[in-house]
Structures are given as C-alpha cells and as structure tokens.
Amino acid sequence: MSIERKATLTITGESPVDFPILSPTHGNDCIDIRALGGNTDRFGYDAGFESTASCKSSITFIDGAKGELLYRGYPIEQLTEHCDFLEVAHLLKNGELPNVEQKAAFEATIKKNAPVHDQMVKFYQGFRRDAHPMPVMVGVVGALSAFHREAADFSDVEQRSLTIHRIIAKMPTLAAMAYKYTVGQPPVAPRADLGYAANFLHMMFGVPAEEFHPNPVLVRAFDRLLTLHADHAQDASTSTVRMAGSSGANPFACISAAIACLSGPVHGGASEACLAMLDEVGDVSRVAEMISRSHVEGDRMKLTGFGLYVYRNFDPRAKLMRRLCTDVLTELGLENDRLFKLAIALDKIALEDPYFVKNKLYPNIDFYSGILQKALGIPASMFACIVSVARTAGWMAQWEEMRADPEYKIARPRQIYEGAARRSVPAAS
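Residues numbered from 1 in each chain as written. Predicted model: local features only at pLDDT ≥ 70, side-chain atom pairs only at ≥ 80, totals over all residues. Heavy atoms only, no water.

Asker: Please clarify how the environment of tyrosine 181 should be interpreted in this entry.
Answerer: In this structure, tyrosine 181 sits in helix α7 (residues 157-182). Take tyrosine 181: its relative accessible area is 11%, and that puts it in the buried class. Note: C-alpha distance between tyrosine 181 and methionine 277 (96 residues apart in sequence) is 27 Å. In terms of polar contacts, tyrosine 181 uses its side chain to reach the backbone carbonyl oxygen of tyrosine 124, at 3.2 Å. (Helix = DSSP H or I, 4+ residues; strand = E, 2+ residues; numbered from the N terminus. Buried < 20%, exposed > 50% of the residue type's maximum accessible area, 1.4 Å probe, protein only. Polar contact = N/O pair within 3.5 Å; in protein donor to acceptor, adjacent residues only side chain to side chain.)

Asker: What should I look at first to understand the packing of helix α10 (residues 236-245) against helix α18 (residues 383-404) in this one?
Answerer: Packed helices, taken two at a time, are described by the angle their axes make and the gap between the axes. The contact between α10 and α18 brings their axes to 9 Å, and the two run at 40°. Handedness of the crossing formed by α10 with α18: right-handed. Note on element contacts: α18 touches α10 through Arg391, Trp395, Gln398, Trp399, Glu401, Met402 and Arg403, opposite Ser237, Thr238, Val241, Arg242 and Gly245. Its residues assigned to classes, the contact of α10 with α18 shows four nonpolar, four polar and four charged. (Axes fitted to C-alpha atoms, helices over the stretch in contact; angles between N-to-C directions. Left-handed = near helix turned anticlockwise from the far one by under 90°. Contact = heavy atoms within 4.5 Å. Nonpolar A, V, L, I, M, F, W, Y, C, P; charged D, E, K, R; others polar.)

Asker: Even after reading the chapter, I still don't get the sheet that holds strand β2 (residues 17-22), so can you show me in this structure?
Answerer: The strands that make up a sheet pair up through hydrogen bonds in the backbone, lying either parallel or antiparallel. Here we have three strands laid out as an open sheet, ordered β1-β2-β3, and antiparallel in their pairing. The sheet is open, and its two borders are formed by β1 (6-9) and β3 (30-31), each paired with just one other strand. Of the pairings in the sheet, the one linking β2 to β3 comprises two bridges and is antiparallel in character. Paired with leucine 22 across the bridge in β3 is cysteine 30. (Pairing = 2+ DSSP bridges.)

Asker: Could you clarify how one ought to interpret unusual backbone geometry in this entry?
Answerer: Phi is mostly negative for residues that are not glycine, and the peptide bonds are mostly trans. For phenylalanine 49, which is not glycine, the phi dihedral falls at a positive 55°. Checked against the element boundaries, phenylalanine 49 lands in the loop between α1 (36-40) and β4 (60-63). Judged by its relative accessible area of 51%, phenylalanine 49 is exposed. Even without being a glycine, arginine 72 presents a positive backbone phi close to 50°. As for its position among the elements, arginine 72 is in the loop between β5 (68-71) and β6 (74-75). Exposure remark for arginine 72: the relative accessible area of 22% places this residue in the partly exposed category.

Asker: Is there a simple way to think about the nonpolar core in this case?
Answerer: As a rule of thumb, soluble globular proteins bury nonpolar side chains together. Judged by nonpolar contacts, the single largest core of 106 residues is most densely connected at Tyr71, Met137, Val141, Ile167, Phe222 and Ile371. Here this core takes 13 residues from α18, the largest share from any one element. Leaving out residues up to four positions away in the same chain, methionine 137 has contacts with Gly142, Met171, Leu174, Ala175, Ala178, Ile259, Cys385 and Ser388. (Core = buried A, V, L, I, M, F, W, Y, C linked by side-chain atoms within 4.5 Å.)

Asker: What am I meant to see in helix α3 (residues 85-94) here?
Answerer: The periodicity of an α-helix, 3.6 residues per turn, causes residues three or four positions apart to be oriented the same way. Counting buried positions along α3 gives nine out of 10 residues, so the element sits mostly inside the fold. Buried within α3 we find Phe85, Leu86, Glu87, Val88, Ala89, His90, Leu91, Leu92 and Lys93. Among the residues of α3, the N-terminal cap falls to aspartate 84, whose side-chain oxygen and the backbone nitrogen of leucine 86 are separated by 3.2 Å.

Asker: I'm lost on the packing of aromatic side chains in this one. Help?
Answerer: The geometry of two aromatic rings is summed up by the distance between their centres and the angle between their planes. Considering all chains together, one arrives at seven aromatic pairs under this definition. A ring pair is formed by tyrosine 124 and tyrosine 181, whose centres lie 6.4 Å apart and whose planes are at 50°; its orientation type is tilted. With a gap of 57 residues between them, tyrosine 124 in helix α5 (residues 120-124) and tyrosine 181 in helix α7 connect regions that are remote in the sequence. Each member of the pair, tyrosine 124 as well as tyrosine 181, is classed as buried. Ring geometry for phenylalanine 200 and phenylalanine 222: centres 5.2 Å apart, planes at 5°, overall stacked. Of the two residues, phenylalanine 200 sits in helix α8 (residues 196-205) while phenylalanine 222 sits in helix α9 (residues 216-228), which places them 22 residues apart along the sequence. Exposure class is identical for phenylalanine 200 and phenylalanine 222. Each is buried. Through a chain of ring-to-ring contacts, the aromatic side chains of Phe340, Phe367 and Tyr368 assemble into a single cluster. (Phe/Tyr/Trp six-rings, centres within 6.5 Å; stacked < 30°, edge-to-face > 60°.)

Asker: Would you take a moment to explain the pairing of β4 for this structure?
Answerer: Burial along β4 is two-sided: Thr60 and Ile62 and Phe61 and Asp63, pointing in opposite directions, are all buried. When β4 meets β5, the two strands line up antiparallel, connected through four bridges. Its bridge partner being in β5, isoleucine 62 is matched across the sheet by leucine 69.

Asker: Sorry, what's going on with the pattern of salt bridges here?
Answerer: Pairing is possible between side chains that carry opposite charge, provided their charged atoms lie close to one another. In this structure the tally under the stated criterion is 14 salt bridges. Between aspartate 223 and arginine 220 there is a salt bridge, with the nearest N and O atoms lying 3.4 Å from each other. Remark: arginine 220 and aspartate 223 occur in helix α9; sequence separation between them is three residues, near one turn of the helix. For aspartate 223, a relative accessible area of 8% corresponds to the buried category. The partner of arginine 242 in a salt bridge is glutamate 401, and the shortest N-O contact between them spans 2.5 Å. (Salt bridge = Lys/Arg side-chain N within 4 Å of Asp/Glu carboxyl O.)

Take a look at the structure:
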C-alpha cells in the first residue's frame, strides 16, 4: 500500500497538519486520520461510516461504479461459474483456491464437523414453535461457545482453523434444525455422502420415512446462491463481526452478533421484503401503476429490491441470480410462475423508466433471491438464515484477518455529545 502523498488539514488560526494518503490495490485513496485526535484535539464526524475505512482487508473488493465484486481478486462471475461454495469458502479463508488435495481435505473436515451436540436440540425446545428462525439462530449459534470453550483461545493457529471449520460446517445443520423445529418435524442428521449444498437441502426437506434424492440442478443453483452471498466487504453484519471480535469475544458469539444484525429488514431481511412487495403488486397489469407511484414522495408503495448503496451500477450478483431463477424455474416447469413474470416485467420497465435510470436504481440481488428460494421450497422466514449460512464463510475470514492484523485494537468510535451541559443535582427540598 503506497504512502507517498500527504493531505494537509488547515484550521483557521492554527498550524497546518499533514496526514498520509494511502493508495490501495483497487478503489479510492484514503486519508489516514488515525493521528487526527492526537495532533489536533479534534475528531471526525461520519454518521454511518460512509466515508471512513475501518480496517485494511485483502478479502473482498467492490467497485460500485463498475458493478464489480471480487473475492480475493477473482470476479464473482467466474467463481460462480467454475467453483463450488466450499472452494470459495477455502479461498476466502486462505487467500487461494484449493488444489485437488486441499479441496478433498477441506470437504472432509467440513463433513466431519457438520453434526452438532445432541444437547443442542434442547435449546430449540426453549423457543416457541412460531418463533422466527433468525432469533432462534442468534441463540443457538451463540450457545456453541458453551460447547467449544477452547475456541476462546486465539493464540493457536490450528485451533483458530478448527473453529472456523466447525462454524462453517455446523451453520447449515443449525439453520435446518431451526426450520424443522418451527414446522414440528424432527431434525434430520447430515449425510456423509452429500456435498455442502445438497446436505442442507436434505436436512431442510428430508423426512425419516423417505429417502432424499437431491435434484442436481437445484443443488447447483443453491450452491451458487451461497457463493453469491459469501461475503460483501464491510457491510453492517461484517463490521459487527469485527467490532465484537475486537473485544476478544468468542468467535461463535461474534457470529451470533452478526446474525442479529443481519436480521434487520434492510439487510438480510431484504429478500423477504422483496417477495412481499411482489405479492402486493400482484399482477403484471399493475406494474406501470406501481412504477408511477414509486416516484411520488410519501407514497407507501416504494419498490423494494432496486438500487443498493454500495453499487452505482448493476449489482453483478443480480444478473447471476436472475439466471439461476430461470434455470430452476425451467427445471421445475414453472417458467410461467406469476411472481417471476411480474419480476421480469418490473425489471424491464424500471430499466427504461427515466426516474429509475436517472437515479441508477437497478435490480439488486434481493430482487431475484426471494423468487429463487421460494422455487426451491424455502419459506420466506428462512431467507435471512440462508444468507447467514453463506455469509459465515466471509465473516470468519474477516474475523481471522482482524485477529492477525498488527494494527488491530478494540473498536471505540467517538461521538458528538449533544446532551445537557454540566450541572449540579438540586438540593433536596
């Protein structure tokens, strides 16, 4: 990272102060303001951290202007086409795609660690049957730290790797158990003869009385869906992992905190909101009306799934997700699915509408993700859980990178205090 240039801050009546300018591999230059407080006795204000880099990372790069997403330098389009999810998980963690031997060893480790302790079933029984799966996941994932207390020791490299393998392996099992619990069915154990994506579908939809035969087209589509959600740089949930981890918290607790963050409707709940929006539109004949209403300030009909703050162009994942929708619906004979036809119509009209074009409101990944998961048989309440299963690979890669960073320290954002000025407690009357 280049530090050749400097930025000068001039405050009226005071001597100028220089700050280094950091030039990354890709992306915008950053002004290193870590010494701002010490040199000027002042701090920056940046609500939402929209102009502040909180860390240095070599994992994921997003170019919003170009609509580009890279994992460790590889375009998401190429990874989705040529690699499976576990290869991508290995890439995020280790920095390189695995060779044949490394892939086999990684898959074997994941399969070995997929089962969970039998006592974990009792945790689910403490929740109401109608509980949303996301708060259930927050509880059971956090509880893993009570079963694997050795994970709190970060000093051992092998122990850190084992912890990462465990959480990636167990997340599909825990998510599927959350679903089974809400529908009143017994949990289904993972099978050693199935891959990561196929095993999840088996644990979701398999029943003890029948043998589960995964459809290869659906398995491949689901595997690609996981890859598309595997990491997204420093979004809210990833930043939560790093902030929680900066205190030295157990990694399972960090993932639990990230799941809680992801459960918000504008983060992991966005796909569920998109599906609800399509249901509200109802029919292709109402698309033009809904597009027109979305222009009106204060109108309740705001089209969900268009635009994403980080992208000022197409979300590259959305194009791939649309293709997956087509593949799955064709395989299932649902090419004329009402919601899919409605989504295509909305997509087409929005891309030609002057308001959407001017504001660069292109379809994002959530727009098609809900339709794809619905076609796979996954209920809307589980959409965010699926994202958490996928994102765990990225979260743990980010956690490990943070732990190895020599500049790592506990997160402690500043604030602008606007409360009451100093005052005294009045004497008792």
